[in-house]
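Each chain, letter by letter, is given below.
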Amino acid sequence: MKKIITAALLSAGLVMGSTSAAFAVDPTPTPTATSTTTATTYAVQLAAYNTALAAYDSATVTFKAQMILYRTGAQKDKAAYETAVQNYKAAYEAITKNYKAVLKMREDLRKAINVAFEVAVHRANADFATATASATTADQKIAAATVRSNAVVAAVAVRKAALDALGPKPVAPGKLVAPGKLGKSDKPGKPDKPGKSDKTE
């Protein structure tokens, strides 16, 4: 993911520079180091979040098991149960905070990609205006329009590739399971009622 995003952001500047070279006044600005650094950081944060999410899911299973044991009387140590509750809540708070951070970073990257696209389109329009102002023949005007059209098409393709490289939004952690609110499937079943003893002859 990191390599794809970096390549896409870099190509946003390179494509515009090559397609409008015949009429451009100034070269298209290339993405800053901040953009690629942010993309790299996002990939690292997303990987860390997915790892933490798996750990949280495991903690949820353990917590539910502790609750069932405690309710059925198999768990006699109240302190151990309370510790399990505290650990579960701490894991939930940590994963929720991490999720929000990753989501915000993804949104920041998405905005940066769209800004780069807008800059590319504006540059294509500016180059077109410059070229047509100095054009003296119909062929020159047609050539300028073709350059602008190709530049916009390329910018659209670059934006789409960069957005696709971000991938889907990270999965949000499940809701906090409160003691006393487990689902029916998590509650211990009632023991079978003993049958009547057979009568002796």
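Residues numbered from 1 in each chain as written. Predicted model: local features only at pLDDT ≥ 70, side-chain atom pairs only at ≥ 80, totals over all residues. Heavy atoms only, no water.

## Quick notes on the environment of Lys64
Inspection of the secondary structure assignment puts Lys64 in helix α2 (residues 33–71). We classify Lys64 as partly exposed; its relative accessible area is 25%. The spacing of Lys64 and Tyr88 is 24 residues in sequence and 9.7 Å in space, taken between C-alpha atoms. (Helix = DSSP H or I, 4+ residues; strand = E, 2+ residues; numbered from the N terminus. Buried < 20%, exposed > 50% of the residue type's maximum accessible area, 1.4 Å probe, protein only.)

## Digging into the packing of helix α3 (residues 78–134) against helix α4 (residues 138–166)
Where α3 contacts α4, the axes come no closer than 9 Å and their chain directions differ by 175 degrees. If you check the angle between α3 and α4, you find them roughly antiparallel. Classifying every residue of the contact of α3 with α4 by side-chain character gives 16 nonpolar, five polar and five charged. (Axes fitted to C-alpha atoms, helices over the stretch in contact; angles between N-to-C directions. Parallel < 35°, antiparallel > 145°, perpendicular 65-115°, else oblique. Nonpolar A, V, L, I, M, F, W, Y, C, P; charged D, E, K, R; others polar.)

## Comments concerning the confidence of the model for the chain
Summarising the model, the chain shows a mean pLDDT of 74, and 69% of its residues fall at 70 or more. Highest mean pLDDT in the chain belongs to α4 (94); lowest belongs to helix α1 (residues 2–19) (41). (pLDDT = per-residue confidence, 0-100.)

## What about the nonpolar core?
One finds Tyr42, Tyr49 and Phe63 to be the most contacted residues of the largest nonpolar core, which totals 20 residues. Of all the secondary structure elements, the ones that give two or more residues to this core are α2, α3 and α4. For this core, the element with the highest residue contribution is α3, accounting for nine residues. (Core = buried A, V, L, I, M, F, W, Y, C linked by side-chain atoms within 4.5 Å.)

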